[in-house]
Amino acid sequence: MPRVRVPAVLTACAAVVGLVLTTGCSSSGDGPGQAKGGVDVVEKDKLTTCTHLPYPPFQAEQDGKVVGFDVALVDLVAKNLDVEQKILDTPFENFKTGAFLNSGECDLAAAGMTITDERKKNVDFSVPYFDATQALLTTKKSGVTALADVKSKKLKLGAQAETTGESYATGQGFDPVAFESSDAVLNGLRTGQVDAVVIDYPVVQGWLKDKANADAFALGENIETGEQYGFSVKKGNTELKAAIDKAINDARADGTYDKLYEQWIGPLPEGRS
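Computed from a predicted structure; not experimentally measured.

How each quantity is defined
Residues numbered from 1 in each chain as written. Predicted model: local features only at pLDDT ≥ 70, side-chain atom pairs only at ≥ 80, totals over all residues. Heavy atoms only, no water. Helix = DSSP H or I, 4+ residues; strand = E, 2+ residues; numbered from the N terminus. Buried < 20%, exposed > 50% of the residue type's maximum accessible area, 1.4 Å probe, protein only. Contact = heavy atoms within 4.5 Å. Areas by Shrake-Rupley, 256 points an atom, 1.4 Å probe, with all protein chains shown as cover. Disulfide = S-S within 2.5 Å. Axes fitted to C-alpha atoms, helices over the stretch in contact; angles between N-to-C directions. Parallel < 35°, antiparallel > 145°, perpendicular 65-115°, else oblique. Left-handed = near helix turned anticlockwise from the far one by under 90°. Nonpolar A, V, L, I, M, F, W, Y, C, P; charged D, E, K, R; others polar. Expected span 1.5 Å × (residues − 1). Polar contact = N/O pair within 3.5 Å; in protein donor to acceptor, adjacent residues only side chain to side chain. Phe/Tyr/Trp six-rings, centres within 6.5 Å; stacked < 30°, edge-to-face > 60°.

**Quick notes on the overall build of the protein chain**
Here comes step 1: For the protein chain, the count of helices and strands is eleven helices and 16 strands.
Here comes step 2: Evaluated residue by residue, the protein chain yields a buried proportion of 51% over its 273 residues.
Here comes step 3: Counted over contacts in the protein chain with a minimum sequence separation of 6, partners at least 24 positions apart contribute 69%.
Here comes step 4: Carbon and sulfur atoms provide 48% of the accessible area of the protein chain, an area that totals close to 12200 Å².

**Points about the state of the cysteines**
Here comes step 1: Tallied over the entire structure, the rule returns one disulfide.
Here comes step 2: Each sulfur in the disulfide pair Cys50 and Cys106 lies 2.0 Å from the other. Taking the sign of the S-S torsion, about 60° here, the bridge from Cys50 to Cys106 comes out right-handed. Linking Cys50 in strand E5 (residues 46-51) with Cys106 in the loop between helix H3 (99-102) and strand E9 (108-109), this pair joins segments that are 56 residues apart in sequence.

**A closer look at the packing of helix H1 (residues 69-81) against helix H10 (residues 238-254)**
Here comes step 1: Relative orientation of the contacting elements H1 and H10 amounts to 115°, with a least axis distance of 9 Å. Viewed along their axes, H1 and H10 adopt a mutual orientation that is roughly perpendicular. Classified by chirality, the crossing of H10 by H1 is right-handed. Along the contact surface, H1 presents Leu76, Val77, Asn80 and Leu81, while H10 presents Leu240, Ala243, Ile244, Ala247 and Ala251.

**Section: unusual backbone geometry**
Here comes step 1: With an omega of -10°, the peptide bond running from Leu53 to Pro54 counts as cis.
Here comes step 2: Residues Pro56 and Pro57 are joined by a peptide bond in cis, for which omega reads 10°.
Here comes step 3: As for its position among the elements, Pro57 is in the loop between E5 and strand E6 (60-62).
Here comes step 4: Notably, Lys154 is not glycine yet its phi reads approximately 55°, a positive angle.
Here comes step 5: If you trace the backbone, Lys154 turns up in the loop between helix H5 (147-152) and strand E12 (157-160).
Here comes step 6: On the basis of relative accessibility, which here comes to 76%, the residue Lys154 falls in the exposed class.

**Some details on the packing of H1 against helix H11 (residues 256-264)**
Geometrically, a packed helix pair is captured by the angle between its two axes and the distance between the axes.
Here comes step 1: Between H1 and H11, whose axes approach to 9 Å, the crossing angle comes to 155°. Overall, the two elements H1 and H11 adopt an arrangement that is roughly antiparallel. The chirality of how H1 crosses H11 is right-handed. Facing H1, whose interface residues are Phe69, Ala72, Leu73 and Leu76, H11 presents Thr256, Tyr257, Leu260, Tyr261 and Trp264.
Here comes step 2: Partitioning the contact of H1 with H11 into residue classes produces eight nonpolar, one polar and no charged.

**Details of H10**
Here comes step 1: The end-to-end C-alpha distance of H10 is 24 Å, a good match for the 24 Å that 17 residues give at a rise of 1.5 Å each.
Here comes step 2: Along H10, the residues that are buried comprise Leu240, Ala243, Ile244, Asp245, Ala247, Ile248 and Ala251.
Here comes step 3: Buried residues along H10 sit in contact with strand E4 (39-41), E5, H1, E9, strand E16 (232-234) and H11.
Here comes step 4: Gly255, located one to two residues past H10, shows a positive phi value of around 90°.

**Some details on the side chain of Asn213**
Here comes step 1: Considering the arrangement of structural elements, one finds Asn213 in helix H9 (residues 211-216).
Here comes step 2: Looking at Asn213, its side chain comes within polar contact range of the side chain of Arg190, at 3.1 Å.
Here comes step 3: One polar contact links the side chain of Asn213 to the main-chain carbonyl oxygen of Trp207, over a distance of 3.0 Å.
Here comes step 4: Discounting residues that sit within four places of it in the chain, Asn213 has contacts with Leu186, Arg190, Trp207 and Leu208.

**Overview of the packing of aromatic side chains**
Here comes step 1: The final tally for this structure, using the stated rule, is 13 aromatic pairs.
Here comes step 2: With centroids separated by 5.2 Å and ring planes inclined at 80°, the aromatic side chains of Phe58 and Phe130 adopt a geometry described as edge-to-face. Of this pair, Phe58 sits in the loop between E5 and E6 while Phe130 is found in strand E11 (residues 130-139), placing the two residues 72 residues apart along the sequence. By the burial criterion, Phe58 is buried, and Phe130 matches it.
Here comes step 3: Ring geometry for Phe69 versus Phe130: centroids 6.2 Å apart, planes at 65°, classification edge-to-face.

Put into structure tokens, the structure is as follows:
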């Protein structure tokens, strides 16, 4: 996921149907409050989520509303707390440091974020809510299907900056071209800035649903990295972490998780259907 610039997608602090999306603005409501169960929130009657747009199918704008798998899961948390989810669009680099959580700008971060030991030093993670893999997507004209082909043919590899995909590529001896958003990664492939990219497999799945992308690009190897996504909260925020964990575990138990997975991600993994 991205690193520096917050995209000027919508007017800052614009209201979105059902959710409020702002671009890096501080809370402007009634100040801090307390949600159901004694969970402190940075804005009264809101559960403020930091994310970085776009990152479909986890969070993206659709018909003027922010939707996606992450959004739907956090909505379950908000419902249990008897508050409304509010979304802030923020630079992804701050998620690694917990900056927006520590400053009291957000209650949690939800951005298709891999749980890593490095990130655990700065934030507390929820229970894992998604098992992730990386995928190689190439231009059909490149004729490559694996990272080894990219290396042997000395082709240009791209990745999204500050992500585990970029880290994986670097660890395999590549010097990937870093793009600040998933949209920029796809555009880089489309315009020939790179010949192949490494990015989360669900993102590639979403891209290939578009016929133009399916005609131009080819799915290469699926790279098992053992990654799991989690939502993050400020270090020591045990009450909110417990509320998030409960919502995820309850959704898995009652079938809601599977329904949301099929809606936003696709068919359930083998053995789960």
